[in-house]
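# Notes for the structure review
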Amino acid sequence: MDLTVSLFGIAREIVGQSSLTLTAPAGQSAAGLLAELRTAYPALASLRSLAVAVNNEYAAADVELHERDEIALIPPVSGG
Amino acid sequence: MTDQPSFPMLIDLTDQPIDVAAVLHAAESDEAGAVNAFIGTVRNRSEGRRVVRLHYEAYPPMALHQLRRVAEMALEKWPMLRQVAVSHRHGTLEIGDVAVVVAVSTPHRADSFAACEYIIDTLKEVVPIWKKEEYEDGTVWVAAHP
């Protein structure tokens, strides 16, 4: 399945684009996606934290991703 | 699940200057004896470096959703809350600009201080907004690295 991942802040700068489309195995988990992205973009592994959001909610590590989910990579937030 | 608020609240994300008075007004209630507000502004120094300006980036749909969640969590902890109003700005901000306003009202003042502090503290932990500080000689994404 194809997943589209939106990127923000320093994660967007590390990857060099504001979204990524990647092919993932069915049943790919949030943790699996993070592992794959950290391998492809090692600078992501140096961040203080990195979360996956699915449909506007923070996703637990074992959450399964689906093709039509709105997926985003959330580097350490610093609003306020 | 719906994004509709379960009680009166103003939740706003804007790339325009925040109308502070309007946010305070939104927090008023005839049932409240206290309106408490936090106003976050852009500071000219950070860890000893002179800050020229700030760039805020947001993930708008999730930021709005999480702001509502924060307000609803505050309501669970302080059921006496009468109004919650939050406005956060994004885009490029200059020194002294208002970046965020949180305003709440409660019948008595102690609850309003506590609820307002909880909302801004929790906002800074969970709402997907990112701040990049611009110095005379470079930029840094705040808190990105350990």
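Throughout what follows, the structure given in this document is the object of discussion.

## Quick look at helix H2 (residues 30-40) of chain A
Residues and elements named next belong to chain A. Within H2, the full set of buried residues consists of Ala30, Leu33, Leu34 and Leu37. Looking straight down H2, one finds that the buried residues subtend no more than 100 degrees of arc, so they occupy a single side. Its buried side turned inward, H2 meets strand E1 (2-7), strand E2 (19-23), strand E3 (51-54) and strand E5 (71-74).

## Concerning the interface of chain B and chain A
Taken together, the contact pairs 29 residues of chain B with 22 residues of chain A. Both faces combined, the contact of chain B with chain A buries some 2,200 Å², and carbon together with sulfur accounts for 53% of it. Applying the counting rule to chain B against chain A returns three salt bridges. A salt bridge links A:Glu13 to B:Lys132, with the shortest nitrogen-to-oxygen separation between them at 2.7 Å. At the surface where chain B touches chain A, the tally comes to 22 residue pairs in polar contact (both at pLDDT 80 or more). Sorting the residues of the side of chain B that touches chain A by element identifies strand E4 (49-58), helix H2 (60-77), strand E7 (98-106), helix H3 (109-126) and strand E8 (129-135) of chain B as the ones contributing at least two each. Tallied by class, the residues present in the side of chain B that touches chain A amount to 19 nonpolar, four polar and six charged.

## A word on the packing of aromatic side chains
Applying the stated criterion to the full structure yields three aromatic pairs over all chains. Here A:Phe8 and B:Tyr59 contribute two aromatic rings whose centre-to-centre distance is 4.4 Å and whose plane-to-plane angle is 25 degrees, an arrangement assigned as stacked. Here the residue A:Phe8 occupies a position in the loop between E1 and helix H1 (9-15), and B:Tyr59 occupies one in the loop between E4 and H2, the pair thus bridging two chains. What makes A:Phe8 buried here is its relative accessible area of 11%. Counting every residue linked through ring pairs, the aromatic cluster contains A:Phe8, B:Tyr59 and B:Trp130. One Lys or Arg, B:Arg49, reaches over the ring of B:Tyr135 and ends 3.9 Å from the middle of that ring.

## A look at the pairing of E1(A)
Within a regular beta strand, the side chains point alternately toward one face of the sheet and then the other, so they alternate between its two faces. Residue and element names in this part refer to chain A. Residues Leu3, Val5 and Leu7 of E1 are buried on one face, while the alternating residues Asp2, Thr4 and Ser6, pointing to the opposite face, are not. Bridge count for E1 against E5 is three bridges, and the pairing is parallel. Residue pairing for E5: Leu7 is matched across the bridge by Leu73.

## Looking at unusual backbone geometry
The phi torsion at A:Asn56 lies on the positive side, around 75 degrees, for a residue other than glycine. Among the structural elements, A:Asn56 can be located in the loop between E3 and strand E4 (57-58). Residue class for A:Asn56 comes out buried when judged on its relative accessible area of 15%. At B:Ala143, a position not held by glycine, the phi torsion is positive, near 65 degrees.

Rules behind the numbers
- Along each chain, the written sequence defines residue order, and numbers are assigned to residues from 1.
- For naming, the first written chain is A and the first written ligand is 1, with later ones following in the order written.
- A pLDDT threshold of at least 70 governs which residues receive local features in this predicted model, and a stricter bar of 80 or more applies before side-chain atom pairs are shown or counted, although totals over entire chains, interfaces and linings include all residues.
- Where side-chain values are given, they derive from all heavy atoms of the structure, hydrogens and water being excluded.
- Only protein chains enter the area calculation, which uses a 1.4 Å probe; residues under 20% of their type maximum are buried, those over 50% are exposed, and those in between are partly exposed.
- Strands here are runs of E lasting at least two residues and helices are runs of H or I lasting at least four, both read from the DSSP assignment and numbered beginning at the N terminus.
- Our arc is simply the arc of the directions from the helix axis toward the C-beta atoms.
- Whether two residues are in contact is decided by their heavy atoms: any pair within 4.5 Å suffices.
- What counts as buried area is the accessible surface, traced by a 1.4 Å probe, that two parts surrender upon association, with contributions from both included.
- When a carboxyl oxygen of Asp or Glu lies within 4 Å of a side-chain nitrogen of Lys or Arg, that pair is called a salt bridge.
- Distance and chemistry together define a polar contact, namely a pair of N or O atoms within 3.5 Å, with one atom able to donate a hydrogen and the other to accept it when in protein, and with adjacent residues in sequence counting only for side-chain atoms on both sides.
- Gly counts as polar in this scheme, as do all residues outside two lists: the nonpolar Ala, Val, Leu, Ile, Met, Phe, Trp, Tyr, Cys and Pro, and the charged Asp, Glu, Lys and Arg.
- When two rings of Phe, Tyr or Trp (its six-membered ring) have centres within 6.5 Å they constitute a pair, described as stacked for plane angles under 30 degrees, edge-to-face for angles over 60, and tilted for the intermediate range.
- Put simply, a charge is over a ring when the Lys NZ or the Arg CZ is close to the ring centre, within 6 Å, and near the line of the ring normal, within 35 degrees.
- Only strands that DSSP links by at least two bridges are regarded as paired with each other.

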